Every structure is written in C-alpha cells, then in structure tokens.
Amino acid sequence: MKKKEIIVLKNGMDIFGNKIEILINGEIIEKISENIDVKEFESKDNVRIIDVDHKLIMPGVIDVHTHMREPGITYKEDFETGSRACAKAGVTTFYDMPNTIPTTTTLESLQEKKKLASEKSIVNFGLHFGGSKNDNIEEIKKILKNSEANTVKIFMNVTTGEMLIEDDEILKKVFENSKLVLVHAEHEMIDKAIELNKNYGKGLYVCHIPSAEELKKVINAKKDGNLNTEKHPVYAEVTPHHLFLNTEIRESTERNKMLLRMKPELREKSDNEFLWEAINRGEIDTIGTDHAPHLIEEKLEKVTFGMPGVETSLALMINAYNEGKISLEMIQKLMCENPARIMKILKRGKLQEGYFADIIVVDTQKEWIVGVDDTIESKCGWTPYENWKLKGKNTMTIVNGKIVYENGKIQENVKNGKEIEFYD
C-alpha cells in the first residue's frame, strides 16, 4: 500500500502575527502548533518539510461566484484553465454559476457538469443550480432531495436565454422550494428579492452589490427587526472590481471603456468608498469575484459584459491590507470562513485539525506587477489590472493535501480537485 504523503509547514505566521506550523497527513490537517518536532519525519521518504520563512499561512480562498464557461463556451475558459488560475491565485475551491450552454437547470445537466469538472479541475469545486423562466421547480426539488446541490441561482435583471425570471409565481416557488437563493438583482429588484425571502424563502444571497444605494437596501434587510434572520438570513457579496474600479477609471482610456464593462456596471468612486466602509463595519459577508472571462478581441470589438477576476482577487485584497484598508483577519473571514459557513461546505474554510488541507502560503511583502511579473493562466489571456503594482502574492497552494502551485509554477498532472461536500 502506498504511504500517505506528509507535508510539514514550518515557521509560518497566522493572520494575528503568531507563529504557526502545520502537519498535513494525506488529505487532512493532522496537527497545528507553534512548533512541530520534525525529527521523527526527517528520514522518511514520504515526508516533505517546508520552511515557509515567516510567510502568512491561510486557509485556501473559497470563491463562490465564478463563470468557468463549461460546457458550451469553452473557447473563453474551461474547468482546467479556470482552476489553474484559481490555484495560482490561492483559490482552493470555486463555485460555478449555472448560465452555461446548456444552462444548469436540470438534474441531468448538473450531473454532466460535475463529470466535466471532476475530470479537469485541479482545485475543489461546487456548482450552483439554476432557476428557469420555464418553471423547473420539480428539478429544483429533485436536486435538493438527492443532495446534488444546496443552492439555486436566479437572475432578476437582464441576462441571456431562459434564466431571466419575471413571473412572480415562479419566483415565489423558487424561494419556497430552495435552501439558499442567490440572486442577480439590481436597484428595485433587490427590494423584491428581499421581500420574497422574507415571505417565502429560507435564505437570500445577494451577488455582486455595486453601490451604496443598493447595499443600503441589503444592510437594512439584515437589520430588519421584523425578519427572523435565523430562518430567513440575508447575505451580501461584493466583488473586487466594485471595490477597486469605478466609472472614472473606466472612462480614462478608450481601451478601458470597452474592457471594464460588466453587470452590474461600475459605479462612482464614492460607491467604492462606501463598500469599503461597509466591509470594515462587518456588513459585507463575502468577496466573490464574478470571474466571467471573454477573449480580449470580443471585448474590444463590441460592448461585452463580464471580465476575469479570480486570478487577482486575493492579491488585490492583500495589497489593500498593506495600504491599511482592511485587516488580514477580515480578509480571511470574507474569503475563506464566511463562504464555507454560508454555503455549508464541510471541513473547509478554516485552519483546523481534522479539516481538509486546503492551505495557501502568502508573501505579504512581495512586490510585483500584474501581467508583467507573472503568467496569466486564464484562457482569456488578459486581466483588467494589467500593470498594477501590488504588494502581496500567493506563493503556494495546497489542495486536499497536495501542492498544486509552488513558486510561480502550476504542478503538472495534478488533478486534485474534488466536488465539495456540504452539511444541512
């Protein structure tokens, strides 16, 4: 029988500045301590001892909002290239959205998508099921009953194909029959989603909130004294692009006018500032990237909504930490712990003994230039943050106890991603 691989991470630091060392045995974190004695391991051939030289050790990032474009749109991205971008960035689990071709709105399409992801992904994955204007309530019931997924994504504002739901009766049934409903809702549609959750739902997750006006609606709902927040919780997600980009940056060059377009659109600098203030007041629950890549030729030819984001999300947030905008503790909460808690992901999102060894090592002092000092892994081949000077970079990604990214290189032939498990 093949021996389990053992990895010992020595001389790391946690988010509080304390020394931390971790013993990984196979897929699992076996021990966390200030000092792990490695004498018993030094002569063993299945052990690797790594001195991380006082770098930050964190749980891997969980990005619950990506569009990996598979199946049907794989010339833009697929589960292999998208997961490589994740591994490089420090994302050990991604959730994929259902607006692919075909849409993930039947049990059959969900199972086929799982098969594709399990064959290709080098990091862990989850899949959001989709609600449909064609009333797929019976399919929603089926996937929940069989524990095939535990979330349903609906679009209440403009989108393509069958996924824009405008029928109030179908919306009501989606909320009644789902555990957690994720919504693309803008402006007055946020009010509608909040009301649907209050009357019929069991949980509402508002994706990619772009502005002060819209975030205030969600904050007020979270504080609503008439809402039983245990039975009808409300969660707020913001994206890096709504934190770091705005209309002023978009309008600064002709190129940016084409590239920096997404739904919801960028807002004013004052909106950036309000989102940051809300983060530090504890009113935001997660950072989700809304990674939605298109080839640059498509973006420059005509207005095309969506852009890549997974590859730079953590680095941007660590840079913000270095600028005094956010604490490391809050980054870990928004990008690791809260996503795992909200999505009810089993044994991931924390550095904890007995949890899966999804771990990253971050050099918070590493200065680098995006797109110049690194290779872009996403199939789309570009980033909206090209030439940005950042301080802070992921240097190692461990997924289920195996190193998949180290010192600037993806480890080849390591398809170590798994479908995440969730709990009730």
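Residues numbered from 1 in each chain as written. Predicted model: local features only at pLDDT ≥ 70, side-chain atom pairs only at ≥ 80, totals over all residues. Heavy atoms only, no water.

You'll find the protein chain entered in an unreviewed UniProt entry as Dihydroorotase family protein, with Leptotrichia alba given as the organism. Its UniProt record, at the heading Function (unreviewed entry), says of the protein chain: "Catalyzes the reversible cyclization of carbamoyl aspartate to dihydroorotate." (UniProt positions renumbered as here; feature names shortened; annotations may be inferred.)

Caption draft 1: Expanded view of the overall build of the protein chain. Broken down by element type, the protein chain carries 13 helices and 18 strands. The principal-axis extents of the C-alpha atoms in the protein chain amount to approximately 65 × 50 × 45 Å. Scored against the burial criterion, the 424 residues of the protein chain give a buried share of 61%. Of the contacts formed within the protein chain by residues at least 6 apart in sequence, a portion of 73% connects residues at least 24 apart. Accessible surface for the protein chain amounts to roughly 17400 Å². Of this, 45% is attributable to carbon and sulfur atoms. One way to put it: in the protein chain the 60 positive side-chain charges average out to a point 2 Å from where the 71 negative ones average out. (Helix = DSSP H or I, 4+ residues; strand = E, 2+ residues; numbered from the N terminus. Buried < 20%, exposed > 50% of the residue type's maximum accessible area, 1.4 Å probe, protein only. Contact = heavy atoms within 4.5 Å. Areas by Shrake-Rupley, 256 points an atom, 1.4 Å probe, with all protein chains shown as cover. Lys, Arg positive; Asp, Glu negative; His and termini not counted. Charge placed at Lys NZ, Arg CZ, Asp CG, Glu CD.)

Caption draft 2: Molecular detail of helix H10 (residues 269–280). In this model, H10 (12 residues) spans 17 Å end to end at C-alpha, consistent with the 16 Å of a helix rising 1.5 Å per residue. Of all the residues in H10, the buried ones are Asp271, Asn272, Phe274, Leu275, Trp276, Ala278 and Ile279. In this fold, the buried residues of H10 make contact with helix H6 (212–222), strand E13 (234–238), helix H7 (240–244), strand E14 (286–287), helix H12 (313–322) and helix H13 (328–342). Among the residues trailing H10, Gly282 stands out with phi positive, at a value near 80°. (Expected span 1.5 Å × (residues − 1).)

Caption draft 3: Examining the nonpolar core more closely. Ranked by internal contacts, the top residues of the largest apolar core, which has 95 residues, are Ile154, Val183 and Ile279. Setting aside its immediate chain neighbours within four residues, Ile279 contacts Val238, Leu243, Ile284, Ile287, Ile326, Met330 and Leu334. (Core = buried A, V, L, I, M, F, W, Y, C linked by side-chain atoms within 4.5 Å.)

Caption draft 4: Fine view of unusual backbone geometry. Geometrically, the link from Glu70 to Pro71 is a cis peptide bond, its omega value of 5° lying close to zero. Secondary-structure assignment places Pro71 in the loop between strand E6 (61–66) and helix H1 (79–89). The omega torsion of the bond from Lys263 to Pro264 falls at -10°, within 30 degrees of zero and hence cis. Mapped onto the fold, Pro264 is located in the loop between helix H9 (254–259) and H10. In this model, Ser147 sits at a positive phi of 55°, which is unusual for a non-glycine residue. The topology assignment puts Ser147 in the loop between helix H3 (137–145) and strand E10 (152–155).

Caption draft 5: The pattern of salt bridges, seen in detail. Evaluation of the coordinates by the stated rule reveals 32 salt bridges. A salt bridge links Lys418 to Glu27, with the nearest nitrogen and oxygen atoms 2.4 Å apart. You can see Lys418 sitting in the segment after strand E18 (409–410) and its partner Glu27 sitting in the loop between strand E2 (19–25) and strand E3 (28–33), a full 391 residues away along the chain. Since its relative accessible area comes to 32%, Lys418 is described here as partly exposed. Of the charged contacts in the structure, one is a salt bridge between Lys115 and Glu119, with a shortest N-O distance of 3.0 Å. Placement of both Lys115 and Glu119 in helix H2 (residues 107–120) is noted, with a separation of 4 residues, approximately one turn of the helix. On the basis of relative accessible area, Lys115 is assigned to the partly exposed category, the value being 45%. It is possible to trace a salt-bridge network through shared partners that takes in Arg250, Glu251, Arg261 and Glu265. (Salt bridge = Lys/Arg side-chain N within 4 Å of Asp/Glu carboxyl O.)

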